[in-house]
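Remarks on the overall topology
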Amino acid sequence: MTDFLMMQRRDALKSLLAISAAGALTACIGEGKADGASAPKLSSAPSLSTAEMALVSALGQTIIPMTDTAGAVEAGVPAVVQTLFTEWGDENYRTYWRAGLDKLEKHFVKEGGQKFAAMSASQQANLLGRYDEKAFADNDFDPFYKDMKSTIATAYYMSEPGATEELAYEAVPGEWRGCVPLSDQPKTWAT
């Protein structure tokens, strides 16, 4: 008798799962035919433009340049920023980023005579260094810049190259030593 009851419960659970899956698939289908002939809608959120992505890439590479370890571009930071913009952020977030990038680009064009991505690496470093000093000396100067720089740094250190090349990484750290001189640990840990 208990085998018969268990079979019925399993069948009931299978039916519930099938109904849930059908509902989920129906939600993915665009406003098309009831038989599911139309393709599922993917994210319709706007993306950063090519010019905005060029600026993000140039800023990322200037903030975290390639040295003996990967830089921001090599670590995929611009793609992370694009994903945050299209998949994570809401319309307010997108407006904030677009306005902030536009303000930065206008500043760099005014100060450097051309778009930031078109400048030489030394000119980028010089202009961004001066801008960075102003932004961190005056809290009201450009809050977006601080947010953008933090996003770039966070995305970099969460990437594989940032966590394994720049930071010391050990998947399962060894023994616990509660008191060690800081000179024995020259890097910060990613884990």
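Here's a quick rundown of the structure.

**With respect to the packing of aromatic side chains**
Per the stated rule, a full pass over the model turns up 10 aromatic pairs. Considering the side-chain rings of W97 and F144, the 5.0 Å spacing of their centres and the 90° angle between planes classify their relative orientation as edge-to-face. One end of the pair, W97, is in helix α4 (residues 91-112); the other, F144, is in helix α6 (residues 143-158), and 47 residues separate them in sequence. On the basis of an interplanar angle of 55° and a centroid distance of 5.7 Å, the ring pair of F108 and Y131 is categorised as tilted. Of this pair, F108 sits in helix α4 while Y131 sits in helix α5 (residues 121-137), placing them 23 residues apart in sequence. An aromatic cluster is built from F108, F116, Y131, F136, F141 and Y145, whose rings are joined through pairwise contacts. The aromatic ring of F141 is capped on one face by K103, whose charged end is 6.0 Å from the ring centroid.

**Let's talk about α5**
Helix length check: α5 (17 residues) gives 24 Å between terminal C-alpha atoms against 24 Å at 1.5 Å per residue, within 8%. Considered for burial, the residues of α5 that qualify are Q124, L127, L128, Y131, D132 and A135. Each buried residue of α5 lies within a common arc of 140° when the element is viewed along its axis, so the set occupies one face. In α5, those exposed residues whose orientation departs by more than 90 degrees from the buried face are S122, E133 and A137. Packed against the buried residues of α5 are α2 (50-63), α4 and α6.

**Regarding the pattern of salt bridges**
In this structure the tally under the stated criterion is 4 salt bridges. R94 serves as the salt-bridge partner of E91, at 3.5 Å between the closest nitrogen and oxygen. One end of the pair is E91 and the other is R94, both in helix α4 and 3 residues apart, which spans about a single turn. The exposure class of E91 is partly exposed, given its relative accessible area of 48%. Exposure remark for R94: the relative accessible area of 9% places this residue in the buried category. D132 is paired through a salt bridge with K149; the nearest N and O atoms lie 2.6 Å apart. Remark: K149 occurs in helix α6 and D132 occurs in helix α5; sequence separation between them is 17 residues. You can call D132 buried: its relative accessible area is 18%.

**Some details on the environment of D147**
Within the secondary structure layout, D147 lies in helix α6. In this structure, the C-alpha to C-alpha distance between D147 and W97, residues 50 residues apart in sequence, is 9.5 Å.

**Looking at the packing of α5 against α6**
To describe two helices that pack against each other, one gives the angle between their axes and the distance between the axes. Axis separation between α5 and α6 bottoms out at 9 Å; the angle between their running directions is 115°. By the angle class used here, α5 and α6 are roughly perpendicular. The crossing of α5 and α6 is left-handed. Along its contact with α5, which presents L128, Y131, D132, A135 and F136, the element α6 presents Y145, K146 and K149.

**Here's the deal with the packing of α2 against α4**
Axis separation between α2 and α4 bottoms out at 11 Å; the angle between their running directions is 70°. Accordingly, the angle class assigned to the pair α2 and α4 is roughly perpendicular. On α4, the residues touching E52, L55, V56 and L59 of α2 are R98, L101, L104, E105 and F108. Of the residues contributing to the contact of α2 with α4, the split by class is 6 nonpolar, no polar and 3 charged.

**Focus: α6**
Between the first and last C-alpha of α6 there are 23 Å, a value that for 16 residues agrees with the 22 Å anticipated at 1.5 Å per step. Residues of α6 that are buried include every one of F144, Y145, K146, M148, T151, I152, A155 and Y156, and no others. Looking at the buried side of α6, the elements it contacts are α2, α3 (77-88), α4, α5 and α7 (160-166). The residue sitting at the N-terminus of α6 and contributing the capping side-chain oxygen is D142; that oxygen lies 3.2 Å from the backbone nitrogen of F144.

Calculation rules
Residues numbered from 1 in each chain as written. Predicted model: local features only at pLDDT ≥ 70, side-chain atom pairs only at ≥ 80, totals over all residues. Heavy atoms only, no water. Phe/Tyr/Trp six-rings, centres within 6.5 Å; stacked < 30°, edge-to-face > 60°. Helix = DSSP H or I, 4+ residues; strand = E, 2+ residues; numbered from the N terminus. Lys NZ or Arg CZ within 6 Å of the ring centre and 35° of its normal. Expected span 1.5 Å × (residues − 1). Buried < 20%, exposed > 50% of the residue type's maximum accessible area, 1.4 Å probe, protein only. Arc of directions from axis to C-beta. Contact = heavy atoms within 4.5 Å. Salt bridge = Lys/Arg side-chain N within 4 Å of Asp/Glu carboxyl O. Axes fitted to C-alpha atoms, helices over the stretch in contact; angles between N-to-C directions. Parallel < 35°, antiparallel > 145°, perpendicular 65-115°, else oblique. Left-handed = near helix turned anticlockwise from the far one by under 90°. Nonpolar A, V, L, I, M, F, W, Y, C, P; charged D, E, K, R; others polar. Polar contact = N/O pair within 3.5 Å; in protein donor to acceptor, adjacent residues only side chain to side chain.

Shape is all these values report; function is a separate question.
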